[in-house]
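Observations on the three-dimensional arrangement
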Amino acid sequence: MLKNINRSFKSFVRNSITYFLKFIAPKAKGCQLVENDSPVILYIILAFRGDIVMATPTFKAIKNRWPNSKLIVWVRPQLSDMEKTMPFVDEVFTSWDFSLLFWKLPIELLKISKLKKSVLSIRNKKINICVDETGCALTAIVCFLARIPYTIASNDQGFGALADECIEPDATKNLIEKRLINVKTIVGEGHSWKPIVNISNVNICRILEEASLLDTSYITIQPFCGWGAKNWSLSHWFKLCEILYNQLSYPIVIIGQESDKLLIGDLFLSCKAKIVNTCGQLSIDSSSALISAAIIHIGGDSFGRHVATTTNNKSITLYGPTNPIISGYLDSNHIAIKSNIGCEPNRFQQYCDADAGRKCKNIMCIDSITPEAVAESAFKLLNIDFIEK
């Protein structure tokens, strides 16, 4: 009941802002896209690393439409290291790390010098087209003030009305499909969904040699995701590693950030599997190279899982509060495992609830998945008989 009231209130506020802005903002009446063989295009994606990987089919579609265009991608400051892995992107732009929450908009607008700097920086880039997928009020205001000739914007917070083409939010679509739909009026339809990342063979060989994995089959795992409700328990990971190593004798490489290294601690020191813990030791492009050369990648709904789907190798993603149908790319080589305990998101929901399980007192949705079930799925993907001991 409260969820429905909250959803209705948010919808009312968004619609009220939209109608008001359409009335007072001249730009909101709409402009025609001016044909240009080499436009400068700004794509705004202030989300997680995995979302940037899932946006690559859209980047490719834009470049197919305008091969001579300059594509600039606006990302969070802490994600600027993604530049090396992003294909089709000519430049990465960052601003200050502002909040995307609507109720914090007045606070962010008071940061006049930072706001002015971002507006002037974008204006100086002579951008012809902007695609703002954030749905954020602040990015809509920045682009409006930067006087970009043609803007397409998601309307999550109502300020999409400042754009020339306002896209109403649709949480029922796959995130890759949704991004391609957002730009279909300028790039057309029928584009591939498969994500792409830049990984050089030289980089792969260098990383494998540094990790003493050259000419060796190995498995990569990424135990940690963007928030706790998406994390499978470490005891499950420990047992899975032992099951896999007991039958395959392949080293298991843990992918993660410096903070993940602290969470793991000394747990895997007693593991019977050969563990190579690279948490906090590798750059994003180096981690991507390791994942791309693994025989299989296993992880939660996070960056590593999305990188794995760009390869011809195998991958398994463990899902709890997020929906595998909506949250990524799946095919016969890249599969999802989720529980069926009743509180998981339905077919048309990206998350189980508004905060995607962040307030859950337990995370049984993902912890009810057993290490044996994951191991069995991994062996099936690898065409190996599972010998349970």
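Bear in mind that the values here come from a model prediction, so they are computed numbers and not experimental data.

Rules of the game
- Residues numbered from 1 in each chain as written.
- Predicted model: local features only at pLDDT ≥ 70, side-chain atom pairs only at ≥ 80, totals over all residues.
- Heavy atoms only, no water.
- Salt bridge = Lys/Arg side-chain N within 4 Å of Asp/Glu carboxyl O.
- Helix = DSSP H or I, 4+ residues; strand = E, 2+ residues; numbered from the N terminus.
- Phe/Tyr/Trp six-rings, centres within 6.5 Å; stacked < 30°, edge-to-face > 60°.
- Buried < 20%, exposed > 50% of the residue type's maximum accessible area, 1.4 Å probe, protein only.
- Pairing = 2+ DSSP bridges.
- Right-handed = clockwise from strand over helix to strand, strands pointing away.
- Patch = residues over 30% accessible without salt bridge, like charges linked within 9 Å, V, L, I, M, F, W, Y side chains within 5 Å.
- Areas by Shrake-Rupley, 256 points an atom, 1.4 Å probe, with all protein chains shown as cover.
- Axes fitted to C-alpha atoms, helices over the stretch in contact; angles between N-to-C directions.
- Contact = heavy atoms within 4.5 Å.
- Parallel < 35°, antiparallel > 145°, perpendicular 65-115°, else oblique.
- Left-handed = near helix turned anticlockwise from the far one by under 90°.

Concerning the pattern of salt bridges
- Under the counting rule described, the total for this entry stands at 13 salt bridges.
- The partner of Asp-81 in a salt bridge is Arg-49, and the shortest N-O contact between them spans 2.7 Å. In this pair, Asp-81 sits in the loop between β2 (70-74) and β3 (91-93) while Arg-49 sits in helix α2 (residues 49-54), placing the two residues 32 residues apart along the sequence.
- In this structure, a network of salt bridges that share partners links the residues Asp-51, Glu-133 and Arg-179.

Quick notes on the packing of aromatic side chains
- Inspection of every chain in the model, using the stated rule, returns six aromatic pairs.
- Taking the centre distance of 6.3 Å and the plane angle of 75° together, the rings of Trp-74 and Phe-98 count as edge-to-face. Placement of the pair is Trp-74 in strand β2 and Phe-98 in the loop between β3 and α4 (105-109), with a sequence separation of 24 residues.
- Under the relative-accessibility criterion, Trp-74 is labelled buried at 1%.
- Their ring planes at 50° and their centres at 6.4 Å tell us that Phe-102 and Phe-159 sit as a pair that is tilted. Pair noted here: Phe-102 is in the loop between β3 and α4 and Phe-159 is in the loop between β5 (150-154) and β6 (165-167), with a separation of 57 residues, a long-range link.
- Its relative accessible area of 14% is what places Phe-159 among the buried residues.

Thoughts on the pairing of strand β7 (residues 219-222)
- With burial as the criterion, each face of β7 is covered, one bearing Ile-219 and Ile-221 and the other bearing Thr-220 and Gln-222.
- Relative to strand β8 (residues 252-254), β7 is paired through three bridges, and the arrangement is parallel. Within β8, the position partnered with Ile-221 by the bridge is Ile-254.
- Since β7 and β8 lie parallel, the crossover through helix α10 (residues 234-248) that links them has a hand, and here it is right-handed.
- Here four bridges tie β7 to strand β10 (residues 296-300), and the two strands are oriented parallel to one another. Opposite Ile-219, over in β10, you have Ile-296 as the bridge partner.

A look at a nonpolar patch on the surface
- Among the surface-exposed residues, Leu-101, Trp-103 and Ile-107 lie close enough to one another that they form a single nonpolar patch of about 350 Å² accessible area.
- By the element assignment, Leu-101 lies in the loop between β3 and α4.
- Accessibility expressed as a relative area gives 45% for Leu-101, which makes it partly exposed.

Overview of unusual backbone geometry
- The backbone of Phe-88 sits at a positive phi, close to 70°, despite the residue not being glycine.
- Relative to the assigned elements, Phe-88 resides in the loop between β2 and β3.
- The phi angle at Ser-249 is positive, at roughly 60°, despite the residue not being glycine.
- If you trace the backbone, Ser-249 turns up in the loop between α10 and β8.

Quick word on the sheet that holds β10
- Across the sheet, which stays open at both edges, the six strands sit in the order β9-β8-β7-β10-β11-β12 with parallel pairing between neighbours. Where the open sheet ends on each side, the last strands, each with one partner, are β9 (275-277) and β12 (334-338). For this sheet, the mean inter-axis angle between neighbouring strands, taken without regard to orientation, is 20°.
- Along the sheet face, α10 touches β7, β8, β9, β10 and β11 (314-319) and points at about 175° away from the line of β7.

A short note on the packing of α10 against helix α16 (residues 371-381)
- At a minimum axis distance of 9 Å, the contact between α10 and α16 shows a crossing angle of 40°. One way to sum up the angle between α10 and α16 is to call them oblique. Along this stretch, α10 crosses α16, giving a crossing that reads as right-handed. Between α10 and α16, the contacting residues are His-236, Lys-239, Leu-240, Ile-243, Leu-244, Gln-247 and Leu-248 on the first element and Pro-371, Glu-372, Val-374, Ala-375, Ala-378 and Phe-379 on the second.

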